Amino acid sequence: MFRLTEYMRQLIDPSSVRAKRGSGPVKPVVIWNLTRRCNLKCRHCYTVSADVNFPGELSHQQAMDTLEDLGRFKIPALILSGGEPLDRKDLFQIATRARQLVRMLALSTNGTKIHGEAADRIAEIGFDYVGISLDGIGATNDWFRGVEGAFSDALRGVRECKKRGIKVGLRFCLTEGTHHHLPDLLKLCDDEGVDKFYLSHLVYAGRGDKHRGEDAAHRRTRHALDLLLDRAWVAVAEDAPLDIVTGNNDADAGYFLQWVARNFDADRVAHLREHLAAWGGNSSGLGVANIDNLGRVHPDTYWSDYTIGNVKTAPFSELWTGEDPMLAMLRTRPRPLKGRCGSCTLRDVCGGNTRIRALQLTGDPWAEDPACYLSDAEIGVTSTERLAVKPFRGKRHDPAHQFF
Ligand code: SF4
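All values derive from a computational prediction rather than experimental measurement.

(A) Spatial organisation of the site of the ligand. Around the ligand, the neighbouring residues are C341, C344, R347, C350, G352, N353, C372, L374 and I379. With respect to the detected pockets, the ligand is housed in the largest cavity. For the shell around the ligand, the class distribution of residues is six nonpolar, two polar and one charged.

(B) The pattern of salt bridges, seen in detail. Following the criterion strictly, the structure yields 21 salt bridges and no others. A salt bridge links R164 to D120; the shortest N-O distance between them is 2.8 Å. Within this pair, whereas R164 is found in the loop between α6 (150–163) and β5 (168–174), its partner D120 is found in helix α4 (residues 116–125), the two being separated by 44 residues in sequence. On the accessibility criterion, R164 (28% relative accessible area) is partly exposed.

(C) Spotlight on the sheet that holds strand β4 (residues 129–133). In space, the ten strands of this open sheet follow the order β7-β6-β5-β4-β3-β2-β1-β8-β9-β10, with mixed pairing throughout. Looking at the sheet topology across the chains shown, the edges are occupied by β7 (243–247) and β10 (309–310). Across two bridges, strand β9 (residues 296–298) lies against β10 in antiparallel orientation. Note that in β10 the partner of V297 across the bridge is G309. In this fold helix α3 (residues 91–101) packs onto β2 (77–81) and β3 (104–109), with an angle of close to 155° to the strand it touches most, β3.

(D) Representation of the environment of D252 within the structure. Structurally, D252 is set in helix α10 (residues 251–263). We classify D252 as buried; its relative accessible area is 0%. Among all residues touching D252, those that are not within four sequence positions of it are F2, H201, L225, T246 and Y373.

(E) Fine view of the packing of helix α9 (residues 218–237) against α10. Packing of α9 against α10 leaves a shortest axis separation of 11 Å and a crossing angle of 60°. What the angle tells us is that α9 and α10 run oblique. The hand of the α9/α10 crossing is right-handed. Where α9 abuts α10, its residues R222, L225, D226, L229 and W233 lie against D252, Y255, F256 and W259. For the contact of α9 with α10, the class distribution of residues is six nonpolar, no polar and three charged.

(F) The arrangement of the side chain of D252 in detail. This buried residue, D252, is left without a salt bridge; R357 holds the nearest opposite charge, at 8.2 Å. Reaching out from D252, the side chain makes a polar contact with the side chain of Y373 at a distance of 2.5 Å.

(G) Examining the nonpolar core more closely. Counting 103 residues, the largest nonpolar core has W32, L78, L80, F197, F256 and F316 as the members making the most contacts within it. Residue contributions to this core peak at seven residues, all from α10. Beyond its immediate stretch of four places on either side in the chain, W32 contacts L58, A63, T66, L67, L70, L78, I79, L80, S81, I291 and D292.

(H) A look at empty space enclosed by the protein. Evaluated as defined, the whole model comprises three cavities of 30 Å³ or more. Put simply, the largest cavity is a space of about 120 Å³. In terms of lining, the largest cavity is formed by 15 residues, of which the most central are C341, C344, C350, C372 and I379. Taken together, the elements giving at least two residues each to the lining of the largest cavity come down to α10, α14 (339–343) and α15 (347–350). By residue class, the composition of the lining of the largest cavity is eight nonpolar, three polar and four charged.

(I) Region of interest: the environment of V48. Within the secondary structure, V48 is located in the loop between β1 (29–33) and α2 (60–73). V48 sits in the partly exposed class, given a relative accessible area of 33%. The spacing of V48 and E378 is 330 residues in sequence and 36 Å in space, taken between C-alpha atoms.

(J) Spotlight on the pairing of β2. Most of β2 sits out of view: five of its five residues are buried. What you see with β2 is no split at all: A77, I79 and S81 on one side and L78 and L80 on the other are buried throughout. One ladder, built from four bridges, connects β1 with β2; its direction is parallel. Within β2, the position partnered with V30 by the bridge is L78. Of the strand pairs in this sheet, β2 and β3 are connected by four bridges, and their pairing is parallel. Each residue of the ladder has a partner; that of I79, found in β3, is A106. In this fold, the crossover linking β2 to β3 by way of α3 has right-handed handedness.

The rules we used
- Every chain's residues receive numbers from 1 upward, in the order its sequence appears when written.
- With pLDDT at 70 or above as the cut-off, local features in this predicted model cover only qualifying residues; side-chain atom pairs require 80 or more to be listed or tallied, and sums for whole chains, interfaces and linings still use all residues.
- Hydrogens and water are ignored here; the side-chain numbers use all heavy atoms of the structure.
- Distances are taken per atom, and a residue is near a molecule or strand as soon as one of its heavy atoms is within 4 Å of it.
- A cavity here means a set of 1 Å grid points, computed over protein atoms only, where a 1.4 Å probe fits but cannot escape. A pocket is an open set with protein on both sides within 12 Å along at least 5 of 7 lines, and lining residues have an atom within 4 Å of a point.
- Any molecule with more than half of its atoms within 2 Å of a cavity's or pocket's grid points is regarded as sitting in that cavity or pocket.
- Charged means Asp, Glu, Lys or Arg here, nonpolar means Ala, Val, Leu, Ile, Met, Phe, Trp, Tyr, Cys or Pro, and polar covers whatever is left, Gly included.
- One side-chain nitrogen of Lys or Arg within 4 Å of one carboxyl oxygen of Asp or Glu is enough to make a salt bridge.
- Secondary structure is summarised from DSSP: a helix means a run of H or I of at least four residues, a strand means a run of E of at least two, and numbering begins at the N terminus for each.
- Exposure categories follow from relative accessible area, calculated using a 1.4 Å probe and restricted to protein chains: below 20% of the type maximum is buried, above 50% is exposed, and the middle band is partly exposed.
- Strand pairing requires that DSSP identify at least two bridges connecting the strands.
- Contacts: residue pairs with any heavy atoms within 4.5 Å of one another.
- To get an axis, a line is fitted to the C-alpha atoms, and for a helix only the part in contact is used. The angle between two axes follows their N-to-C directions and goes from 0 to 180 degrees.
- The scheme is simple: roughly parallel for angles under 35 degrees, roughly antiparallel for over 145, roughly perpendicular for 65 to 115, oblique for anything else.
- In a left-handed crossing the near helix is turned counterclockwise from the far helix by less than a right angle, and in a right-handed crossing that turn is clockwise.
- Counted charges follow a simple rule, with Lys and Arg positive, Asp and Glu negative, and His plus the chain ends left uncounted.
- Whenever two N or O atoms come within 3.5 Å, that pair is a polar contact, provided that in protein one can donate a hydrogen and the other can accept it, and provided that, for residues adjacent in sequence, both atoms are side-chain atoms.
- Think of a nonpolar core as a cluster: buried Ala, Val, Leu, Ile, Met, Phe, Trp, Tyr and Cys residues, connected wherever their side-chain atoms sit within 4.5 Å.
- Grid points are joined across faces, edges and corners, and a volume is the space filled by probe spheres set on the points.
- Assignment of crossover handedness uses the view with strands pointing away from the viewer, where a clockwise path from the first strand over the helix to the second indicates a right-handed crossover.

See the structure below:
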């Protein structure tokens, strides 16, 4: 995740650079898909969720045991997700105990079930943050999310959270079908007093891979980033609250650096670059981890085809600190990137971006990320042929097979 507003604040109030990630033991932010069940049918859903029960999900006791282990392991943050996490009957019991065990507790939800008693419980538990997904205004959101009325129900969820003083964010997936709604969504944030805006780029995993032909064209992505940069600067310069973050395209950090270079002096550019290099871009397998609904542990949410182990048979802390070869590979710095990413002068800042996209398109997890929208000049390479995003043909690449 690229914290645009936070890094932008460095331009006004510079702070010292922290140690580079990977230079010490890293405790990951854990995204836990508590259930795969969901009442919506989103086109980008990486878990391919549906409104049915999925066999083999963690029992209540298995979930509680896992939670105790996460607490002892002192993970910095836990994001309870799904499917739709509110479809899990013991969500509030899990969240109540999680609140005692982890520093930062978030809920990632489609928002449609947040009202009445559910909203009260969320407020009582004291989540630090509730992220609600909206992929456009009105009918566009409903088309993208596959259910009529999803927009108004999710917006009710936003309002119910705000009424109870819960910090709430909107999550938006940028595609060819949704990009034109970005200005309206930013306005909606302002109108509703939303605290945070998360722009997610499309990842070619689950239904997101099936619909990868709908990924935003590079020029649209650049335009979207221009809007976010403008809005983030208003927030920082005028203290207008809206925290803006982006996810799943670490080239955003490089685009931000170009913006800084156009608007600020060389010292500030150098300062920001140091901060961004310390962050290091893509964090799969290092600063982020995923536990799926069946208890399988993955390097991040989009790596469902590669499993490190299962919390039903081994604690998460043991799996994460073990000798898994894929984790070792993903934690390598610098990563053995190829093609455009391999020659890029910004790869220390970007970390090579999202490896699953490279894998799904080429079968090679170290190939260039096709969603990088930076020009050759911006990344300091001479003219190269770009990898085209071909429509999904039903073939998925097995990461383990390709890596080892
Ligand atoms: S070329 Fe690759 S490493 Fe460089 S900014 Fe783009 S995605 Fe990142």
